[in-house]
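Listed below, chain by chain, are the residues.
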Amino acid sequence: MAFLSKEASLALVQRVHRLIGMKNGVTPHDAPQRRRQRSAPRPGAERFDVIVVGAGPAGSAAALVAARAGLKVLLLERGEYPGSKNVSGAAFYGSAILHELIPNWWEQAPVERHLTRRVLAFMTAETSVAIDFRTTRFAEPPYNGFSILRPRFDRWFADQAVAAGAFLLNAAVVDEVLWEDDQVVGVRVRRDEGDLRADVVIACDGANSFLAKNAGLQREFHAHEMSLGVKEVLALDEATIRERFHLYDNDGLAIEYIGAITEEVSGGGFLYTNRDSLSLGVIGQISSLAEHRRRPYELLETFKRHPSVAPLVRGGRVREYSAHIIPEAGWNMLPKLYTGGMLVAGDAAALCFVAGLYLEGINYAIQSGIAAGETAVAAHRERDFSARSLARYLERLRARYVLTDFANYRHAPGLVNSPRLQNLYPELIAGAAEQVFRVNGGPKRKLLPIALDTLRRANISPIHMLQDAWQAGRSFGW
Amino acid sequence: MRIAVCLKQVPDPTTVEVDPLTAALDARRLLYIAGPADTAALEVALQLAGAEGHVSALCVGPPAADAVLRQALAAGAAEARRLWAPFLPLQSPAQTALLLAAALQRGETPDLVLCGARSSDHGSGQVPALLAEFLDWPVVCDVTQITVEGGLARVQRRLDRGAREELEVPLPAALAVEAGIARLRHASLTGLMRAERAAIPVSELDDLGLEPADLAFPAPTARMVTPPRPRTRPIFTPDSTRPAHERITQIITAGVTRKSGKVLEGPPEQMADVLVEFLRERGFV
Ligand SMILES: Cc1cc2nc3c(=O)[nH]c(=O)nc-3n(C[C@H](O)[C@H](O)[C@H](O)COP(=O)(O)OP(=O)(O)OC[C@H]3O[C@@H](n4cnc5c(N)ncnc54)[C@H](O)[C@@H]3O)c2cc1C
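Residues numbered from 1 in each chain as written. Chains lettered and ligands numbered in written order. Predicted model: local features only at pLDDT ≥ 70, side-chain atom pairs only at ≥ 80, totals over all residues. Heavy atoms only, no water.

## Concerning the overall build of chain A
Part 1 of the argument: Secondary structure assignment for chain A yields 17 helices and 19 strands.
Part 2 of the argument: Whereas a compact globule of 478 residues would reach a radius of gyration of roughly 23 Å, chain A reaches 23 Å, a difference of no more than 12%.
Part 3 of the argument: For the C-alpha atoms alone, the extent of chain A along its principal axes is close to 85 × 50 × 45 Å.
Part 4 of the argument: Classification of the 478 residues of chain A by burial places 57% in the buried group.
Part 5 of the argument: In chain A, 74% of the contacts between residues at least 6 apart in sequence involve partners at least 24 apart.
Part 6 of the argument: When the accessible surface of chain A is totalled, it reaches about 20,600 Å², and 53% of it is carbon and sulfur.
Part 7 of the argument: Charge-centre separation for chain A: the mean point of 57 positive side chains lies 4 Å from the mean point of 52 negative side chains. (Helix = DSSP H or I, 4+ residues; strand = E, 2+ residues; numbered from the N terminus. Rg over C-alpha atoms; globule rule 2.2 N^0.38 Å. Buried < 20%, exposed > 50% of the residue type's maximum accessible area, 1.4 Å probe, protein only. Contact = heavy atoms within 4.5 Å. Areas by Shrake-Rupley, 256 points an atom, 1.4 Å probe, with all protein chains shown as cover. Lys, Arg positive; Asp, Glu negative; His and termini not counted. Charge placed at Lys NZ, Arg CZ, Asp CG, Glu CD.)

Here's what the structure looks like:
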């Protein structure tokens with residue numbers, strides 16, 4: 001971005017903005033009929049420079065950046081404490097990003113294990129074929145990723161924002177944004193005397209953001225664009241985890257599962273090792289859960305009984321269970337990311353990257369939170385909080401590769417959720433592998449005949465295969 | 001009216017996790033809140049005090065207990081104070097009660113002290129009574145209703161099996177309020193923000209005019225108690241000399257005769273005689 005002139009970059013920003021607006025079909029100006037009654041703040045409401053709604057990774061990052069710049073920042077969280085409402089175990093791949101913000105953050109933060117081993121497993125009901133990647137290079141600072149437990153991590157991260165000077169208020173649910181003319185000027189908290197004023201409101205209220213919709217920046221989602229994740233944390237002692245997953249000391253493992261674990265429902269599964277527990281769960285597309293009338297926890301149980309998962313979770317004692325929605329359709333469901341006086345970041349902006357081998361939301365939440373915080377700081381420097389001024393947010397998101405990643409991978413969600421990728425290909429891979437390894441007294445066949453035979457029996461047209469290969473290339477390859 | 005409310009920080013039950021091997025609590029995961037009886041006491045205090053009254057909150061606990069006091073400030077308490085002896089292991093209800101009593105004797109004496117009837121962690125229910133003892137005030141425990149008129153509190157107390165007792169107590173008095181008789185109000189945003197910003201004063205032993213030796217109550221002794229085996233009961237066999245229909249009735253009723261009490265009436269001396277005779281007959285005296 002640095003090599004573009006200011007005019008050129010603004011023009012680009014406007015183009016991106018138009019593109020997003022167009023894709024969503026709804027902008028505040030297009031849809032006055034859907035706009036709610038807009039209320040103005042009551043007189044006497046307390047004023048802040050920035051109000052951040054939601055103390056998840058996005059919100060804490062935004063509050064931290066703004067508070068460090070000396071702004072008067074209020075961070076509002078609906079839970080009893082940050083993280084109390086968050087789905088617990090996760091793999092966090094934003095270590096280097098956080099390192100920029102808080103050098104050597106892993107030395108003080110509650111991390112579980114650094115992930116040095118990643119597995120991508122293709123499953124059928126009885127078989128699994130896996131790619132197992134392992135490197136000691138991920139065991140060196142700044143590390144590639146960590147397993148974390150969200151209630152503890154989120155609380156720590158919010159505390160960093162507080163240490164930088166942000167004022168954190170828990171048990172405060174934001175019910176609506178407040179307007180003066182076409183400018184957002186504050187929020188209303190669900191309590192008596194609940195109005196608060198701010199020059200910039202940053203909505204970081206997570207998936208299916210109420211605030212972005214309330215401000216008319218986001219349309220209603222379709223069921224195929226959202227997934228439901230159900231997750232469990234299973235307590236298991238440290239020594240068993242090390243032995244069972246072949247790990248040294250604090251090394252950790254993340255497994256992503258594709259294929260039969262979610263049966264006919266589009267989705268996937270995952271398993272991460274924590275220090276003395278496992279986080280595992282399944283993710284199912286909401287539309288296909290409904291279509292196949294499956295309950296998410298049934299899928300979780302099926303997943304845990306799968307012959308290649310059962311021995312891994314044996315003896316684990318359920319410590320937590322939770323469910324949460326995930327915005328899945330990526331680029332196609334990004335809201336308008338700003339309006340006068342307001343920015344949207346993290347899951348609230350649907351900046352969650354879900355595509356087969358990737359399930360990354362926290363790192364994008366932090367990236368976009370930083371970008372939003374910086375945008376608010378710059379707006380304060382110029383005392384200009386108009387939509388025009390806040391449009392720079394998009395530049396910052398591009399500079400941090402957030403928007404570029406989502407644009408590049410815009411085809412991935414559709415591909416990953418297609419029935420052939422969900423069920424047929426894992427089946428083919430597993431079937432072929434089985435033939436390669438099976439010894440049954442017959443002639444030993446070479447690989448090519450096995451491959452051709454597998455394809456013939458799968459009854460899939462070469463056209464579809466080519467289409468999928470092209471889709472896969474377009475989604476992940478180039 | 002001035003009311004003091006004593007609050008205790010207890011673990012939030014949703015954060016309690018027990019290690020199955022060692023049976024130890026995972027302390028890192030615990031979060032502290034005020035228990036349901038304490039929040040009921042706080043709400044009753046705020047209601048009784050009304051707009052003119054003054055409610056102050058007290059809590060014996062480490063710095064983390066400030067959260068409980070902030071909750072009281074947010075709901076409308078005018079003042080909060082934390083009591084603590086940093087280097088002493090404060091464990092017994094007597095120590096807690098002594099610190100509270102010392103704090104209540106300094107400054108303006110309240111008309112009423114409200115406590116929760118029992119905490120949701122240890123739940124000994126002793127602090128209110130001990131506190132009243134140290135203050136030399138009357139105390140009523142298990143209170144389900146309070147009205148105050150003049151210098152008198154009219155209270156309702158819970159007895160066994162759903163019975164209630166009405167009492168009148170002269171003020172100042174200590175009352176231990178049952179959980180569930182009032183639900184703590186939802187704090188306003190202004191209240192919440194003010195509470196969050198308030199500095200909570202701390203009184204340590206020196207400030208309370210106490211010495212570590214004052215807190216040296218005899219250590220409680222704990223005994224392991226195993227649940228008793230149920231008493232063996234002889235199986236009833238009907239008297240074989242009786243006619244058949246009587247034996248059948250005996251079997252059906254299993255020989256059980258209903259327990260029945262006897263209510264004595266008459267002049268006290270006469271009733272006492274009957275009672276003594278009754279006990280002698282059965283070999284108790
Ligand atoms: C099952 C599952 C597994 C996942 N696994 C991973 C993983 O392994 N790695 C990864 O990187 N990502 C993972 N994700 C995605 C990741 O959780 C999200 O992308 C990330 O949490 C987004 O951060 P955020 O700050 O935008 O939102 P959130 O973390 O959702 O935080 C939003 C906060 O806002 C608060 N809030 C909401 N509404 C209001 C309101 N009205 N008023 C006040 N406060 C409000 C909430 O209480 C919450 O604290 C997973 C998601 C799920 C569901």
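## Digging into the interface of chain A and chain B
Part 1 of the argument: Facing the 22 residues of chain A at the interface are 15 residues of chain B.
Part 2 of the argument: Here chain A packs against chain B, burying approximately 1,600 Å² in sum over the two surfaces, 55% of which is carbon and sulfur.
Part 3 of the argument: On the chain A side of the contact with chain B, Phe-167, Leu-169 and Arg-191 of chain A bury the most area, a combined 32% of that side's loss.
Part 4 of the argument: For the interface between chain A and chain B, the tally reads one salt bridge.
Part 5 of the argument: One salt bridge connects Arg-197 of chain B with Glu-46 of chain A, and the closest N-O pair in it is separated by 2.8 Å.
Part 6 of the argument: Taken together, the links from chain A to chain B amount to four residue pairs in polar contact (both at pLDDT 80 or more).
Part 7 of the argument: Breaking the side of chain A that touches chain B down by element, the ones donating at least two residues are strand S1 (46–53), helix H4 (150–163), strand S7 (167–169), strand S10 (195–203) and strand S15 (317–327) of chain A.
Part 8 of the argument: Of the residues that constitute the side of chain A that touches chain B, the class distribution is nine nonpolar, two polar and eleven charged. (Buried area = accessible area lost by both parts, 1.4 Å probe. Salt bridge = Lys/Arg side-chain N within 4 Å of Asp/Glu carboxyl O. Polar contact = N/O pair within 3.5 Å; in protein donor to acceptor, adjacent residues only side chain to side chain. Nonpolar A, V, L, I, M, F, W, Y, C, P; charged D, E, K, R; others polar.)

## Quick word on the environment of Trp-105 of chain A
Residue and element names in this part refer to chain A.
Part 1 of the argument: Relative to the helices and strands, Trp-105 is located in the loop between helix H3 (95–101) and strand S4 (111–123).
Part 2 of the argument: With a relative accessible area of 0%, Trp-105 lands in the buried category.
Part 3 of the argument: The spacing of Trp-105 and Lys-72 is 33 residues in sequence and 24 Å in space, taken between C-alpha atoms.
Part 4 of the argument: Here the side chain of Trp-105 touches Ser-95 through a polar contact of 3.1 Å, landing on its backbone oxygen.

## Quick look at the pairing of strand S3 (residues 89–92) of chain A
All names here are of chain A.
Part 1 of the argument: Every second residue of S3 is oriented toward a common face, with Gly-89 and Ala-91 on one face and Ala-90 and Phe-92 on the other, all of them buried.
Part 2 of the argument: Two elements, S3 and strand S6 (residues 146–149), share four bridges in a ladder whose sense is antiparallel. Counterpart to Ala-91 in the pairing with S6 is Ser-147. (Pairing = 2+ DSSP bridges.)

## Re the pairing of strand S13 (residues 267–273) of chain A
Residues and elements named next belong to chain A.
Part 1 of the argument: S13 sits mainly inside the fold: seven of its seven residues count as buried.
Part 2 of the argument: Where burial is concerned, the two faces of S13 agree: the one with Gly-267, Gly-269, Leu-271 and Thr-273 and the one with Gly-268, Phe-270 and Tyr-272 are both buried.
Part 3 of the argument: Across four bridges, strand S12 (residues 251–259) lies against S13 in antiparallel orientation. Bridge assignment links Tyr-257 to a residue of S13, and that residue is Gly-269.
Part 4 of the argument: With seven bridges connecting them, S13 and strand S14 (residues 277–285) associate as antiparallel partners.

Without other data, these values stay purely geometric and don't point to any function.
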